[in-house]
Amino acid sequence: MTGSESRTILVVEDEAAIRDMLSFTLHRGGYTVIEAADTREAIEQLERKPDLVLLDWMLPGISGVEFARRLRQEEATRHLPVIMLTARGEEESKLKGFEAGVDDYITKPFSTQELLARVKAILRRSQAQPENEVIEINGLELDTAGHRLRIDGKPMDLGPTEFRLLNFFMTHPERVYSRDQLLDQVWGDNVYIEDRTVDVHIRRLRKALEPYGYDRHVQTVRGAGYRFSKQV
Ligand code: CA
């Protein structure tokens, strides 16, 4: 898919004037826009499967950051990109937002150009990992749309982070990635996660694959990082 003609953006903002301005700008930018004045409406609008959520920080009832956290906890919206809108002076709260899994920030007031540039960048990044396909390597079968892993035809459970990690490895085999690179690629630009988090999830991934002998595909490259190799 190229261009923005068929991408849908959900705008969650309680102030009607700002919501209208956002919708107008995004619509002019070629996007389909759906709107919500609060998180209750936003939950209903999620059924229309938006490609990105533009989420205001200050909302009545459940705050934007709390809503972002809930999106990350739900299987259906775990990978849905979120851009948070903050007012000037709320910058110190960004840490909380990144912890909640927000992908990017826009500080009000912002220009039309800035808004469209950020949206475009985040959508491009979220497309970087192919969706709706089955990747198969030596009997390891990853169904990215269904979020399922099968080993030698048998379905098995994998945690969401381990799934994304394995997805990244299987789509980028035979190359060494540092912990920082893996954080960027698998966790997004979340600078607040420690390097050793990568090691924890690598360990869990190996443990899940170990009974089937596939843990050997996930290789440690001393002093450099990790590599997924088809040859073991
Ligand atoms: Ca607001």
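Reading guide: rules and limits
- Residues numbered from 1 in each chain as written.
- Predicted model: local features only at pLDDT ≥ 70, side-chain atom pairs only at ≥ 80, totals over all residues.
- Heavy atoms only, no water.
- Helix = DSSP H or I, 4+ residues; strand = E, 2+ residues; numbered from the N terminus.
- Buried < 20%, exposed > 50% of the residue type's maximum accessible area, 1.4 Å probe, protein only.
- Contact = heavy atoms within 4.5 Å.
- Areas by Shrake-Rupley, 256 points an atom, 1.4 Å probe, with all protein chains shown as cover.
- Lys, Arg positive; Asp, Glu negative; His and termini not counted.
- Charge placed at Lys NZ, Arg CZ, Asp CG, Glu CD.
- Donors = N, O, S within 2.8 Å, 3.2 Å for Na, K, Ca; no water.
- Axes fitted to C-alpha atoms, helices over the stretch in contact; angles between N-to-C directions.
- Parallel < 35°, antiparallel > 145°, perpendicular 65-115°, else oblique.
- Left-handed = near helix turned anticlockwise from the far one by under 90°.
- Domains from an automatic or database assignment.
- Pairing = 2+ DSSP bridges.
- Core = buried A, V, L, I, M, F, W, Y, C linked by side-chain atoms within 4.5 Å.
- Expected span 1.5 Å × (residues − 1).
- Arc of directions from axis to C-beta.

Another aspect to go through is the overall build of the chain. Counting its secondary structure elements, the chain contains 8 helices and 12 strands. Along the longest, intermediate and shortest principal axes, the C-alpha atoms of the chain span 60 × 35 × 30 Å. Every one of the 232 residues in the chain was classed for burial, and the buried ones make up 47%. Across the chain, contacts joining residues at least 24 apart in sequence account for 55% of those joining residues at least 6 apart. For the chain, the accessible surface area stands at approximately 12,200 Å², while carbon and sulfur atoms represent 47% of it. Taken together, the 33 basic and 39 acidic charged side chains of the chain have centroids lying 4 Å from each other.

The next subject is the coordination of the calcium ion. With distances of 2.0 to 3.1 Å, the protein atoms coordinating the calcium ion are Glu13 (OE), Asp14 (OD), Glu15 (OE), Asp56 (OD) and Met58 (O). In the primary structure, the donors to the calcium ion are separated according to the pattern E-D-E-x40-D-x1-M. Of this pair, Asp14 sits in the loop between β1 (8-12) and α1 (16-28) while Met58 is found in the loop between β3 (52-56) and α3 (64-73), placing the two residues 44 residues apart along the sequence. Of the residues examined, Asp14 reaches a relative accessible area of 31% and is grouped as partly exposed. Under the relative-accessibility criterion, Met58 is labelled exposed at 52%.

For the rest of this paragraph, the subject is the packing of α1 against helix α5 (residues 112-127). When two helices pack together, their arrangement is given by the angle between their axes and by how far apart the axes lie. It is the contact of α1 with α5, at a shortest axis distance of 10 Å, that shows an interaxial angle of 65°. Between α1 and α5, the angle is such that the two are roughly perpendicular. Crossing of α1 over α5 shows right-handed handedness. Along the contact surface, α1 presents Leu22, Thr25 and Leu26, while α5 presents Thr112, Leu115, Leu116 and Val119.

When its domains are assigned, the chain resolves into domain 1 (8-126) and domain 2 (134-228). Using C-alpha coordinates to define each centre, domain 1 is positioned 29 Å away from domain 2.

Here the focus is the sheet that holds strand β11 (residues 218-221). Strand order in the open sheet formed by 3 strands is β10-β12-β11, and the pairing between neighbours is antiparallel. Of all the strands in the sheet, the pair left with one neighbour each is β10 (176-177) and β11. Here 4 bridges tie β11 to strand β12 (residues 225-228), and the two strands are oriented antiparallel to one another. Within the sheet, the bridge partner assigned to Gln219 lies in β12 and is Arg227. Strands in contact with helix α6 (residues 160-171) are β10, β11 and β12; relative to β12, the strand with the most contacts, it is inclined by about 65°.

Attention shifts here to the nonpolar core. Formed by 28 residues in total, the largest nonpolar core has its most connected members in Leu149, Leu166, Phe169 and Leu209. Listed by contribution, the elements that provide at least two residues to this core are β6 (134-137), β7 (140-143), β8 (148-151), α6, α7 (179-187), α8 (195-209) and β12. The element that contributes the greatest number of residues to this core is α6, accounting for 6 residues. With residues near it in sequence (within four places) discarded, Phe169 still touches Leu182, Ile202, Leu205, Val218, Tyr226, Arg227 and Phe228. Residues Ala36, Ala42, Trp57 and Val102 belong to the second largest nonpolar core, which totals 21 residues.

Our next topic: α6. Here α6 contains 12 residues, and its C-alpha end-to-end distance of 16 Å stays within 8% of the 16 Å for a straight helix at 1.5 Å per residue. Buried residues dominate α6, accounting for 10 of its 12 residues. Those residues of α6 that fall on the buried side of the exposure criterion are Thr161, Glu162, Phe163, Arg164, Leu165, Leu166, Asn167, Phe168, Phe169 and Met170.

The next subject is α7. All of the buried residues in α7 are Leu182, Leu183, Val186 and Trp187. Buried residues of α7, seen end-on, are gathered within an arc of 105° and therefore sit on one face of the element. Against α6, β10, α8 and β12 lie the buried residues of α7.

Its place among the elements puts Lys154 in strand β9 (residues 154-156). When the C-alpha positions of Lys154 and Val11 are compared, they lie 40 Å apart, and in sequence the two are 143 residues distant.

Tracing the backbone shows Ile122 in helix α5. For Ile122, a relative accessible area of 5% corresponds to the buried category. Between the C-alpha atom of Ile122 and that of Glu141, which follows or precedes it by 19 residues, the distance is 28 Å.

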